[in-house]
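Observations on the three-dimensional arrangement
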Amino acid sequence: MPPVSMPLAEEARSIFSGLGYTVSGDGSDFVAERKWRTVRVTALDTDTVELPRRAIADGGSPADTDDGYGLRCFVTWKEATGNLTEELRGADPSFEWAVIGVEDGGDYDVVHPEAR
């Protein structure tokens, strides 16, 4: 993991707050809400980036889960973005998703499933 000034979950909260979302929940899994949009956000550190399968199973199909979040965002360090994105594409989950790759200093890139 690159040296950073704040933990990944805090970076994720900061990104969503900066985009105008109201953020609620503790830990590496939280909810971000703005207008009509509710997004379940999961911060995956580079040592836990293999967790997408579990994260998908925990919140995969809105019809099969209690949380019902059809929009998911996975936040990780930029160096792990490619692997995480490929893992999600291969799993072909039933929810809409995006991956945010965070760099040291707070800069970030967003990858959507249709982006190749």
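Above this text sits the structure in question.
One structure accompanies this document, and this report is about it. As the structure is a computational prediction, the values presented were derived from the model and not from experiment.

**Side note on the pairing of strand S4 (residues 71-77)**
In terms of residue burial, S4 counts as a mostly covered element, since seven of its seven residues are buried. Note that strand S3 (residues 37-43) and S4 share four bridges and pair parallel. Looking across to S4, one finds that Val41 is bridged to Cys73. Across seven bridges, S4 lies against strand S5 (residues 96-102) in parallel orientation.

**Some words on the environment of Tyr108**
With respect to the helices and strands, the residue Tyr108 is situated in strand S6 (residues 108-111). What Tyr108 contacts, discounting residues up to four positions off in sequence, is Ile15, Leu19, Ile100, Gly101 and Val102.

**Thoughts on the pattern of salt bridges**
According to the stated counting rule, one finds four salt bridges in the structure shown. In this structure, Glu103 and Lys78 form a salt bridge, with 3.1 Å as the shortest nitrogen-oxygen distance. Here Glu103 is found in the loop between S5 and S6, whereas its partner Lys78 is found in the loop between S4 and helix H3 (81-91), with 25 residues between them in sequence. A residue is classified by how much of its surface remains accessible, and Glu103, at 31% relative accessible area, is partly exposed. A salt bridge links Arg89 to Glu86, with the nearest nitrogen and oxygen atoms 2.9 Å apart. Of this pair, Arg89 and Glu86 both sit in helix H3, separated by three residues, roughly a single helical turn. The structure contains a network of salt bridges with shared partners spanning Lys78, Glu103 and Asp109.

**So, unusual backbone geometry**
Located in the positive-phi region is Lys35, a residue other than glycine, with phi close to 50°. Here Lys35 shows up in the loop between strand S2 (29-34) and S3. With a phi angle near 45°, Asp92 is a residue other than glycine that sits in the positive phi range. Summarising the element assignment, Asp92 is placed in the loop between H3 and S5. A relative accessible area of 63% means that Asp92 is categorised as exposed.

What counts, and where the lines are drawn
- Residues numbered from 1 in each chain as written.
- Predicted model: local features only at pLDDT ≥ 70, side-chain atom pairs only at ≥ 80, totals over all residues.
- Heavy atoms only, no water.
- Buried < 20%, exposed > 50% of the residue type's maximum accessible area, 1.4 Å probe, protein only.
- Helix = DSSP H or I, 4+ residues; strand = E, 2+ residues; numbered from the N terminus.
- Pairing = 2+ DSSP bridges.
- Contact = heavy atoms within 4.5 Å.
- Salt bridge = Lys/Arg side-chain N within 4 Å of Asp/Glu carboxyl O.

These results come straight from atomic positions and should not be treated as a statement about function.
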